Amino acid sequence: MKFFWKIYFSFIAVFLAAFGLFGTWMIQMAFENSYQKALEDGEWDNRMYQLAFEMNLSSMDEENRTEEMIPVMAAAVVQNFSSTGNIYRIYNEEQKLLYESQSSSVRGTDVLPVLSEEQPCSYSLYRLGDQTWLVYACWSSMGGQVYLLESLTDISSIYAESVSYYNMYRMMMLVLILVMTVIVFVVAGMLTRSVNRLSHTTRRFTNGDLDARASESGGDEIAELSKDFNRMAATLSDKMEELTLQAQRQEDFTASFSHELKTPLTSIIGYADMLRTMDCTKEEVVDAAGYIYQQGKRLENLSRKMLDMIVAGKQELSLRALDVENLVDEAVRITEESRQTQNVTLTVDLEEGCIEGDRTLLISAVTNILENARRAMPSGGQIRIRGKNYPNSYLLCISDNGCGIEAEEISRITEAFYMIDKSRARKEGGAGLGLALCSRILALHAARWKIFSRPGKGTDIAISFRCGEVQDEDL
């Protein structure tokens, strides 16, 4: 059952129960009050009847107090009560009827037998058709004679009034049910409107509209739920975007890796097939062998870089204190031959300092950065290495005056196989894995790094090892 109908039927049920119980209680209370008043009036009337009877009887001589004189005397007494419309009777001790103010078919009441000196008064109800009579009787003793005085009051109007109230109440209930049905329908619709909107937004989000967001207006629980949904949706959208980007990167990686393998393999297969199927001169054989060797070295370099990336992500680090100057000197020595070939000058200005890390991995990271800097500049360029020691951290900066990098390219240069100038990179034997490997190694060492570059003027790479004390403006 929908929440709307739950609210609707709950309101109707509560209203019917509350109004039904309250209305029934009110009618019953009105009936009880009327009934209680009728009892009090009946008792008072019977007492007055008894008092008048005893006063008149006591005023008569004893010789006149015969059963034949009782009706005469009683008729005189009843004249004073004629306006009440009640019926009055007098019985002797044997319950023989001596007097009756008016004939009535109400007979055989069970009041008289219980009267005695110990219980001088009693009453009962007697139903005759649509009529209800209140029968009140009392025990009276005068001059040794016992008389039973009975008064009958018609209280049918009380019951008729109660029935009338119930009929009126049922009509009011029907009208109120119709009115409340409309009111509750409108109120339930207003209460569930925000729930329906949230449900609609959820379905849109489920169907792929990741920008769908719920309205957060109001301060009730639904508004809080909408805020929670929006936070969840934002998180899921970010995760989906991240997964989509990751899948795209995986796809790009696979395509790039396949391409990087295909290009040298195509050259190797082509030249090998030429040597196998054709009669080549010695010079042609040397050229073909040179191409095969060059492309083979390229595949070797590619496989080595891929292996380094895999190892860097899985191996346990052997952290120890490393002298920064010794570390940089080793990377400089490894890249010295390629720099000399390209006539690139290098200046080093390092403050003394130690960092914690894996020597092999950090040398590989610095070497890759130096090689990328060399490839980014023409012959005669310049590379500068600077180091500054901070409390509990060390800042290493590597700068070049090469071609620089466009701002939109900086965020992608750490992706595997991403190359800004593919022809130049392949000519230099690069595979687009150097900075991706650096990024992974530095992440393993909890180091921060930033790349600043201006096209045509060069690039600065700043690395902060254990960078908790180094502020962003120092990078």
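Our subject is the structure that appears above.
The written sequence of each chain sets the order in which its residues are numbered from 1. Two thresholds apply to this predicted model, a pLDDT of at least 70 for residue-level local features and 80 or more for giving and counting side-chain atom pairs, whereas whole-chain, interface and lining totals are computed over all residues. Hydrogens and water are ignored here; the side-chain numbers use all heavy atoms of the structure.

Caption draft 1: Expanded view of the overall build of the chain. The way it works is that DSSP assigns letters per residue, a run of H or I at least four long becomes a helix, a run of E at least two long becomes a strand, and they are numbered from the N terminus. A count of helices and strands for the chain gives ten helices and twelve strands. Look at the contacts in the chain between residues 6 or more apart in sequence, and 64% of them connect residues 24 or more apart. The contact criterion used throughout is that any non-hydrogen atoms of two residues lie within 4.5 Å.

Caption draft 2: A look at the sheet that holds strand 2 (residues 97–100). Here, strands pair whenever DSSP counts at least two bridges between them. The sheet built from five strands is open, its strands ordered 2-1-5-4-3 with antiparallel pairing. In this open sheet, the two strands that pair with only one neighbour each are strand 2 and strand 3 (121–128). Going across the sheet, the axis of each strand differs from the next one's by a mean of 20 degrees, ignoring polarity. Interaxial angle, 0 to 180 degrees, is taken between N-to-C directions of lines fitted to C-alpha atoms, where a helix line uses only the stretch in contact. Contacts from helix 2 (residues 70–78) reach strand 1 (87–92), strand 2 and strand 5 (145–154), with the element oriented near 30 degrees to strand 2.

Caption draft 3: A look at the sheet that holds strand 10 (residues 393–400). Read across the sheet, five strands follow the order 7-9-10-12-11 without closing on themselves; strand pairing throughout is mixed. This sheet does not close on itself; its edge strands, each paired only once, are strand 7 (345–350) and strand 11 (448–454). Averaged over neighbouring strand pairs, the angle between their axes works out to 10 degrees when direction is ignored. Of the strands in this sheet, strand 9 (382–390), strand 10 and strand 12 (458–465) are in contact with helix 7 (residues 359–375), which crosses strand 10 at around 25 degrees.

Caption draft 4: Molecular detail of unusual backbone geometry. Positioned with a positive phi, Asn 392 is a non-glycine residue whose angle comes to about 65 degrees. Here Asn 392 is to be found in the loop between strand 9 and strand 10. You will see that Ala 446, though not glycine, has its phi angle at about 55 degrees, which is positive. Within the element layout of this structure, Ala 446 appears in the loop between helix 10 (434–444) and strand 11.

Caption draft 5: Inspection of the nonpolar core at higher detail. Here, the term nonpolar core denotes a set of buried Ala, Val, Leu, Ile, Met, Phe, Trp, Tyr and Cys residues that are joined through side-chain atoms within 4.5 Å. Note on exposure labels: buried denotes an accessible area under 20% of the residue type's maximum, exposed denotes more than 50%, and partly exposed covers the range between, all computed with a 1.4 Å probe on protein chains only. In terms of nonpolar packing, the biggest core is built from 36 residues, with Ile 355, Leu 370, Ile 385, Trp 449, Ile 463 and Phe 465 touching the most fellow members. Mapped onto this core, the elements with two or more residues apiece are helix 6 (324–342), helix 7, strand 9, strand 10, helix 10, strand 11 and strand 12. Counting residues per element, this core draws most heavily on helix 7, at eight residues. Setting aside chain neighbours within four positions, we find Trp 449 in contact with Thr 414, Leu 435, Cys 438, Ser 439, Leu 442, Ile 461, Ala 462 and Ile 463. The next biggest cluster of nonpolar side chains, apart from the first, holds 20 residues, and it includes Leu 57, Tyr 99, Cys 138 and Leu 149.

Caption draft 6: Broad picture of the side chain of Ser 140. If you trace the backbone, Ser 140 turns up in strand 4 (residues 131–142). Within 3.5 Å is the distance limit for a polar contact, defined as a pair of N or O atoms, with the added protein rule that one can donate a hydrogen and the other accept it, and that residues adjacent in sequence qualify only through two side-chain atoms. Separated by 2.6 Å, the side chains of Ser 140 and Glu 54 make a polar contact. Each residue touching Ser 140, except ones within four places of it in the same chain, is listed here: Gln 50, Glu 54, Gln 145, Val 146, Tyr 147 and Leu 149.

Caption draft 7: Structural view of a nonpolar patch on the surface. Residues enter patches when their relative accessible area tops 30% and they take part in no salt bridge; the joining distance is 9 Å for like charges and 5 Å for the nonpolar side chains Val, Leu, Ile, Met, Phe, Trp and Tyr. Accessibility throughout is a Shrake-Rupley quantity obtained with a 1.4 Å probe, and a residue counts as covered only by protein chains that appear here. The salt bridge definition used is simple: a Lys or Arg side-chain nitrogen within 4 Å of an Asp or Glu carboxyl oxygen. On the surface, Phe 11, Val 175, Val 179, Ile 183, Val 187 and Leu 191 cluster together to form a nonpolar patch covering roughly 480 Å² of accessible area. The dominant element in the nonpolar patch, judged by the number of residues it contributes, is helix 3 (residues 156–206), at five residues. Mapped onto the elements of the fold, Ile 183 is located in helix 3. Ile 183 sits in the partly exposed class, given a relative accessible area of 42%.

Caption draft 8: Structural view of the packing of helix 6 against helix 7. It is the contact of helix 6 with helix 7, at a shortest axis distance of 9 Å, that shows an interaxial angle of 30 degrees. Here helix 6 lies roughly parallel to helix 7, going by the angle between them. The handedness of the crossing between helix 6 and helix 7 is right-handed. Together, Asn 326, Leu 327, Glu 330, Ala 331, Val 332, Ile 334, Thr 335, Ser 338, Arg 339 and Gln 342 of helix 6 and Arg 359, Leu 362, Ile 363, Val 366, Thr 367, Leu 370, Glu 371 and Arg 374 of helix 7 make up the contact between the two elements. The classification used treats Ala, Val, Leu, Ile, Met, Phe, Trp, Tyr, Cys and Pro as nonpolar, Asp, Glu, Lys and Arg as charged, and all other residues, Gly among them, as polar. Counted by class, the contact of helix 6 with helix 7 contains eight nonpolar, five polar and five charged residues. Oblique is the label for any angle not covered by the other classes, which are roughly parallel (under 35 degrees), roughly antiparallel (over 145) and roughly perpendicular (65 to 115). Crossings are classed by handedness, with left-handed meaning an anticlockwise turn of the near helix from the far one by less than a right angle and right-handed meaning a clockwise turn.

Caption draft 9: Region of interest: the pairing of strand 3. Summarising the sheet, strand 3 and strand 4 pair through eight bridges and their orientation is antiparallel. Paired with Tyr 123 across the strands is Tyr 136, a residue of strand 4. The hairpin turn running from strand 3 into strand 4, its antiparallel successor, is two residues long, and Gly 129 in that turn takes a positive phi close to 65 degrees.

Caption draft 10: Expanded view of helix 7. Across its 17 residues, helix 7 extends 24 Å between first and last C-alpha, which sits within 8% of the 24 Å expected from 1.5 Å per residue. The backbone nitrogen of Leu 361 has a side-chain oxygen 3.1 Å away, supplied by the residue at the start of helix 7, namely Asp 358. Helices are assigned an expected span. That span is 1.5 Å times one less than the residue count.

Caption draft 11: A look at the environment of Asp 460. Topologically, Asp 460 is positioned in strand 12. Once residues lying within four places of it in the same chain are set aside, the contact partners of Asp 460 are Ile 398, Ser 399, Lys 450, Ile 451 and Phe 452. Of note is the side chain of Asp 460, whose polar atom sits 2.6 Å from the side chain of Ser 399.

Caption draft 12: Broad picture of a negative patch on the surface. For the charge count, each Lys or Arg is scored as positive and each Asp or Glu as negative, with His and the chain ends excluded. Charged side chains are reduced to one point each, which is NZ for Lys, CZ for Arg, CG for Asp and CD for Glu. Where like charges cluster on the molecular surface, the negative patch consists of Glu 67, Glu 68, Glu 93 and Glu 94. Mapped onto the secondary structure, Glu 93 falls in the loop between strand 1 and strand 2.

Caption draft 13: Geometry of the packing of aromatic side chains. Only Phe, Tyr and Trp rings take part, Trp by its six-membered ring, and two of them pair if their centres are within 6.5 Å. Stacked means planes under 30 degrees apart, edge-to-face means over 60, and tilted covers everything else. Here the structure, examined in full by the defined rule, presents ten aromatic pairs. The interplanar angle of 15 degrees and the centroid separation of 5.8 Å between the aromatic rings of Phe 19 and Tyr 169 together place this pair among those described as stacked. Of the two residues, Phe 19 sits in helix 1 (residues 3–58) while Tyr 169 sits in helix 3, which places them 150 residues apart along the sequence. Chaining the aromatic ring pairs together yields one cluster made of Phe 15, Phe 19 and Tyr 169. Throughout this description, the term charge over a ring refers to an Arg CZ or Lys NZ atom that lies within 6 Å of the ring centre and within 35 degrees of the ring normal. Just above the ring of Tyr 159 sits the side chain of Arg 127; from NZ or CZ to the centre is 4.5 Å.

Function cannot be inferred from these measures alone, as they are strictly geometric.
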